[in-house]
Amino acid sequence: MLRALADCNNFYASCERVLDPSLRDVPIVVLSNNDGCVIARSAEAKALGIAMGAPYFEVRRTCEVHGVRIFSSNFAVYGEFSERVMAVLAEQARDIEVYSVDEAFLGFPDMPAADAQALGRRIREAVLRATGIPVSLGFGATKVLCKLANERAKADRAAGGVLVVPFDAAGREAFLRGVDSEDVWGVGPGLAARLRAHRLLTALDLVQADPA
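Computed from a predicted model, the values in this text were never measured in an experiment.

A.B. asks: Explain the overall build of the protein chain here, please?
C.D. replies: For the protein chain, the count of helices and strands is 9 helices and 8 strands. The C-alpha atoms of the protein chain give 18 Å as radius of gyration, which agrees with the globular expectation for 212 residues (17 Å, within 12%). For the protein chain, the C-alpha atoms occupy an extent of roughly 50 × 45 × 25 Å along the three principal directions. Each of the 212 residues in the protein chain was classed as buried or not, and the buried ones make up 42%. Pairs at least 24 residues apart make up 56% of the contacts formed inside the protein chain by residues separated by at least 6 positions. In the structure as shown, the protein chain presents an accessible area of about 11200 Å², 52% of it carried by carbon and sulfur atoms.

In structure tokens form, the structure reads like this:
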């Protein structure tokens, strides 16, 4: 079975943009319930160096200087957007596993990589048309590969928001060679240090390592 991870881009900030289209291209920050910490940022806010989880008092000056729009979190509204996004995704896939408010794993029959790429573009268009929320999709044979592909789809503008991990062994190895081992899903700072100590620097190194 072919899998994909659909992940909404900067979800809370994207919701605010749907509610107010004049916010397009404007840097946005969404704060936690008590307005204490940053819990979401638009791409423009990320480019200003505003970190996820940063206390608002630490970034307030940056926000004021650069005209960042600040929003208190509205989880009821974000939940409604999430339900709409998931409903569209459910219509497009054979099965769906909602992973978080803005992520879902999708299942599809096996298909050529080119067909998966085209399918991903159609799903993106369907979600955007129905909800106004942009999503990225990463396709692969496993959930971990889907996660890695999704991250690459977001980071690489040339991917157009959709990336398929090559199905052939050589292509898959080339993809994994370009992923740092510390970026593999589930690898935290402590484990990353241990992997580096063993010279396991890429995801491919990790795949090819002796389990012992």
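A.B. asks: I tried to follow the side chain of Asp7 on my own but got confused; where do I start?
C.D. replies: You can see Asp7 is positioned in strand S1 (residues 2–8). Polar contacts involving the side chain of Asp7 include one to the side chain of Lys154, which spans 2.7 Å. If sequence neighbours within four positions are ignored, Asp7 has contacts with Asp102, Glu103, Pro134, Val135, Ser136, Asn150 and Lys154.

A.B. asks: Would you explain the environment of Glu151 in this entry?
C.D. replies: Mapping Glu151 onto the fold places it in helix H6 (residues 143–155). When the C-alpha atoms of Glu151 and Ser136 are compared, they prove to be 8.4 Å apart, with 15 residues separating the residues in sequence.

A.B. asks: Is there a simple way to explain a nonpolar patch on the surface in this structure?
C.D. replies: On the surface, a nonpolar cluster with roughly 250 Å² of combined accessible area is contributed by Tyr99, Val144 and Trp185. With respect to the helices, strands and loops of the structure, Val144 is situated in helix H6. Overall, Val144 belongs to the partly exposed group, its relative accessible area being 33%.

A.B. asks: Quick question: what am I supposed to make of the pattern of salt bridges here?
C.D. replies: If you walk through the whole model with that rule in mind, you get 7 salt bridges. Linking Arg17 and Glu44 is a salt bridge whose minimum nitrogen-to-oxygen distance equals 2.8 Å. Of this pair, Arg17 sits in helix H1 (residues 11–19) while Glu44 sits in helix H2 (residues 43–47), placing them 27 residues apart in sequence. By relative accessible area, Arg17 is classed as partly exposed at 21%. In this structure, Glu97 and Lys143 form a salt bridge, with 2.7 Å as the shortest nitrogen-oxygen distance. In this pair, Glu97 is assigned in strand S5 (residues 95–100) and Lys143 in helix H6, connecting sequence segments 46 residues apart. For Glu97, a relative accessible area of 36% corresponds to the partly exposed category. Since its relative accessible area comes to 26%, Lys143 is described here as partly exposed.

Reading the values: the criteria
- Residues numbered from 1 in each chain as written.
- Predicted model: local features only at pLDDT ≥ 70, side-chain atom pairs only at ≥ 80, totals over all residues.
- Heavy atoms only, no water.
- Helix = DSSP H or I, 4+ residues; strand = E, 2+ residues; numbered from the N terminus.
- Rg over C-alpha atoms; globule rule 2.2 N^0.38 Å.
- Buried < 20%, exposed > 50% of the residue type's maximum accessible area, 1.4 Å probe, protein only.
- Contact = heavy atoms within 4.5 Å.
- Areas by Shrake-Rupley, 256 points an atom, 1.4 Å probe, with all protein chains shown as cover.
- Polar contact = N/O pair within 3.5 Å; in protein donor to acceptor, adjacent residues only side chain to side chain.
- Patch = residues over 30% accessible without salt bridge, like charges linked within 9 Å, V, L, I, M, F, W, Y side chains within 5 Å.
- Salt bridge = Lys/Arg side-chain N within 4 Å of Asp/Glu carboxyl O.

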